[in-house]
Amino acid sequence: MNDINKPTKTLNSAPKPNLWGFVIVAVILIGASTYTYLRFTSITARIDLLQSSVLSLANNLSSTTAQLQSAINETHSSLANALNAQQQNVGVVQQQLSNYQSQVGNLSGTLSNIQKLAQIDPQLLVKYSKAYFLNENYVPAHLANIPDAYEYSSKKQLLFLTQALPRLEAMIDAATSSGVTLYVDSAYRSFAEQKALKGDYTVIYGAGTANSFSADQGYSEHQLGTAVDVIGPGLGGALDDRFDGTAAYRWMVANAYRYGFVLSYPKNNSYYVYEPWHWRYVGIRLATDLHNQGKNFYDLDQRTIDTYLINLFD
Ligand SMILES: [Zn+2]
């Protein structure tokens, strides 16, 4: 029983120290808890603040990034526009340069054509007949002797325009190569010679007849130095219509244009009496076009003929 009362005694005797201890412990605990709570609250608040700062920074960063991107896009776009504008400028300048080069080329071509034309006597492609006159003082710039081998008679030295002489020789050579005999019977005739010839014809045949087959002096293509009367064998040296029945005439009709020669006065022309033996050098280009189109030199208007002048000796 003592053991039972003992504790009671103990309980009754030890409350004071235990209570103080408890209070102290409680106070310590409450203090620690409060301190911890306050610390925790403070830390949480700081974390919140940090989070807020981080968020704000993130927002700022995002905004700055967007601004940068926008600025980059804008710069890129304006640079691209500027580049594009420059490229267009370069294109315009290149086009202008090309135009200038083309103009310079055209001018140079024109200049070279003008220089070329200046070397060619325009009289050489003028139509002469009863209606078109050649000045009595006209003399070709350069005349050369036709070699004897090409002449029907060696009694008289015949002259032909120097620049066209190689074509005349080549034509007769080609005829010879084809087995056709062809000679030059008459070539350049001066105004005085033409006048004398006309006088002879007039004495022999009378003025009316002479006018129909011998051009009045100053009208004749022979004064140009680019016309020839050709003849073949078998006609006794006479220039007459029978020539169109010869192989030489047929060869000339088929081939003379290749060497720049045309028949000036074909059958039934309205300018002059028919002269199958009389051929005039007008240049390969014009002669070829006339041949291909079945036209005659005197059928063309002078303006059309003049466009061929620059190619007279090509
Ligand atoms: Zn003639």
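No experiment lies behind these values; they were computed from the predicted model shown.

The rules we used
Residues numbered from 1 in each chain as written. Predicted model: local features only at pLDDT ≥ 70, side-chain atom pairs only at ≥ 80, totals over all residues. Helix = DSSP H or I, 4+ residues; strand = E, 2+ residues; numbered from the N terminus. Buried ≥ 20, exposed ≤ 12 C-beta atoms within 10 Å, placed from the backbone. Contact = placed C-beta atoms within 7 Å. Pairing = 2+ DSSP bridges. Axes fitted to C-alpha atoms, helices over the stretch in contact; angles between N-to-C directions. Arc of directions from axis to C-beta. Core = buried A, V, L, I, M, F, W, Y, C linked by C-beta atoms within 7 Å.

## Things to note about the overall build of the chain
Check the secondary structure of the chain and you find eight helices and six strands. Going from N to C terminus, the chain has its helices and strands arranged as α-α-β-β-α-β-α-α-β-α-β-β-α-α. Taken over 314 residues, the chain has a buried fraction of 23%. Sequence separation of 24 or more characterises 65% of the internal contacts of the chain that already satisfy a separation of 6 or more.

## Things to note about the sheet that holds strand E4 (residues 227-231)
The antiparallel open sheet is built from four strands, whose spatial order is E3-E4-E6-E5. The strands lining the two open edges of the sheet, one partner per strand, are strand E3 (183-186) and strand E5 (261-263). Taking each pair of neighbouring strands and ignoring which way they run, the sheet shows an average axis angle of 45 degrees. Both E3 and E4 contribute to a ladder of three bridges, which runs antiparallel. The residue of E4 that forms the bridge with Tyr-183 is Ile-231.

## Quick look at the environment of His-278
Mapped onto the elements of the fold, His-278 is located in strand E6 (residues 278-281). Each C-alpha atom, one on His-278 and one on Phe-261, is 9.8 Å from the other, the two residues being 17 residues apart in sequence. With residues near it in sequence (within four places) discarded, His-278 still touches Ala-227, Asp-229, Ser-264 and Tyr-265.

## Observations concerning helix H6 (residues 247-255)
When H6 is considered as a whole, its buried residues turn out to be Ala-248, Tyr-249 and Met-252. Buried residues of H6, seen end-on, are gathered within an arc of 100 degrees and therefore sit on one face of the element. The exposed residues of H6 that point more than 90 degrees off its buried face are Arg-250 and Ala-254.

## Details of helix H7 (residues 284-293)
Looking only at H7, the buried set comprises Leu-286, Ala-287 and Leu-290. Along H7, the residues classed as buried sweep out an arc of 100 degrees about the axis, all on the same side. In this structure, the buried residues of H7 make contact with E5.

## Some remarks on unusual backbone geometry
Residue Asn-268 is not a glycine yet carries a positive backbone phi of 65 degrees. With respect to the helices, strands and loops of the structure, Asn-268 is situated in the loop between E5 and E6. Exposure remark for Asn-268: the 6 C-beta atoms within 10 Å place this residue in the exposed category.

## Comments concerning the nonpolar core
Among the nonpolar cores identified, the biggest contains 43 residues, and Phe-160, Val-184, Val-230, Ala-256, Phe-261, Val-262 and Trp-279 are the most heavily contacted of them. For this core, the secondary structure elements donating two or more residues are strand E2 (159-161), helix H3 (165-177), E3, E4, H6, E5, E6 and H7. Counting residues per element, this core draws most heavily on H3, which supplies five residues. With residues up to four places along the chain from it excluded, the contact list for Ala-256 reads Met-171, Phe-261, Val-262 and Trp-279.

## Describing the pairing of E4
Residues in a regular strand project their side chains so that they alternate between the two faces of the sheet. Summarising burial for E4: five of the five residues are buried, a large majority. Across the two faces of E4 the burial is the same, with Ala-227, Asp-229 and Ile-231 and Val-228 and Val-230 all buried. Relative to E6, E4 runs antiparallel, the two being bridged by three bridges. Bridge pairing in E6 places Ala-227 opposite Arg-280.

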